[in-house]
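These are the residues of each chain, in order.
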Amino acid sequence: MNFILAAVGVLGVASSGPLIAATLGATSVSALAIAFWRNAIGSVVMAGPVLVRSPRQFGKVTGAEFRWSLAAAVALALHFACFITSLQLTSVAAATALVCLQSGWIALFQLFRGVRHRWPVLVGLGIAFAGVVTITGFDMGTSPGALLGDLLAVAGGALAGIYTLAGGKARQSMSTGVYTTLCYGMCAAIVAVMALIAGQPLAGFEASGWLGILAITVCAQLVGHTAFNHLLATMSPLLVSMIILLEIPGAALLAAAFLGETLPAGTYAGLAMILVGLAVVVLGQRGSRSGRRGGAGRGGEAPGAERLAELGTD
């Protein structure tokens, strides 16, 4: 059963990039409209169980919890704006791999905060970011637009890291349902303001456009992430994190099969480097957390202070 759920989860998150690219390319749907509706629908869906079981939880949100949720929502809104726009400029495979650097960015942000990682984490970061240089180097020779798309995807990954760190602070004392309802709802509101400023419509699309938005929300937001959330109850976070990395080759294969996307051999080499590097980072951080748990109570940080992202955002 777990194998089936894992396969469904990988297909769900891997379909995000191809579905977004197909919707943007074949309909009048705008990038910010996709970001708005997937978060608005996600917020409503996540609010349902909380409203049925314990609606008073929303009234117990503290000022600190609200501020961390707001910070996460701002980062998430900017993440979606960068990632979805990048899919209009560069390949689905490159954009997905570059935005999946989320775990690498979290490890890097921790380094800046004075957290000491084991050497495998540093090696993994080096391999992953060498993959970034490889992909952007090839795309630089392709077109300025492709290079801009790569840079937007890299920024999207960094923003996803910030979103995860802020969300981790909020979720120390908030339930998943309350946090996701609040965060997704505020993210949708922020994206709506961004769309108004940018002049991008949020409605008035053809039927195929609405079908694309619905497919993206159901496959990536609800099915994919829900499957991984369930697996976290029966599998170790390390194993789930490793399975999620299959989104990178999964998106490349789906884009090749359904969008006819072909890439230079060097770009595939960059994708492989990012995948291997992130796998090493995930494994290395697991070792780092085990070491910190052993040192807790002797001047070490509290357990869970350096939590890695459990789920991606795409």
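One can find the structure itself at the top, above this paragraph.
Residues numbered from 1 in each chain as written. Predicted model: local features only at pLDDT ≥ 70, side-chain atom pairs only at ≥ 80, totals over all residues. Heavy atoms only, no water.

**Q** So what's going on with the overall build of the protein? Which residues, and what values?
**A** Counting its regular elements, the protein contains 13 helices and zero strands. The linear arrangement of helices and strands in the protein, starting from the amino end, is α-α-α-α-α-α-α-α-α-α-α-α-α. Taking all 314 residues of the protein together, 51% fall into the buried category. For the protein, long-range pairs separated by at least 24 residues make up 84% of all intrachain contacts whose partners lie at least 6 apart in sequence. Accessible surface for the protein amounts to roughly 13,500 Å². Of this, 70% is attributable to carbon and sulfur atoms. (Helix = DSSP H or I, 4+ residues; strand = E, 2+ residues; numbered from the N terminus. Buried < 20%, exposed > 50% of the residue type's maximum accessible area, 1.4 Å probe, protein only. Contact = heavy atoms within 4.5 Å. Areas by Shrake-Rupley, 256 points an atom, 1.4 Å probe, with all protein chains shown as cover.)

**Q** Describe the side chain of Thr-217, naming the residues involved and giving the relevant values.
**A** Here Thr-217 is to be found in helix α10 (residues 207-231). The residues contacting Thr-217, other than those within four sequence positions of it, are Trp-37, Arg-38, Ile-41 and Leu-222.

**Q** Go over the packing of aromatic side chains with me, naming the residues and quoting the values.
**A** Scanning the entire structure with this criterion turns up five aromatic pairs. Relative to Trp-210, the ring of Trp-37 lies with its centre 5.3 Å away and its plane at 75 degrees, an arrangement referred to as edge-to-face. Of the two residues, Trp-37 is situated in helix α3 (residues 31-53) and Trp-210 in helix α10; the sequence distance between them amounts to 173 residues. What makes Trp-37 partly exposed here is its relative accessible area of 25%. Accessibility expressed as a relative area gives 31% for Trp-210, which makes it partly exposed. Between the aromatic rings of Phe-205 and Trp-210, the centroid separation amounts to 5.4 Å while the plane-to-plane angle is 55 degrees, which identifies the pairing as tilted. The structure contains a cluster of three or more aromatic residues connected by ring pairs, namely Phe-36, Trp-37, Phe-205 and Trp-210. (Phe/Tyr/Trp six-rings, centres within 6.5 Å; stacked < 30°, edge-to-face > 60°.)

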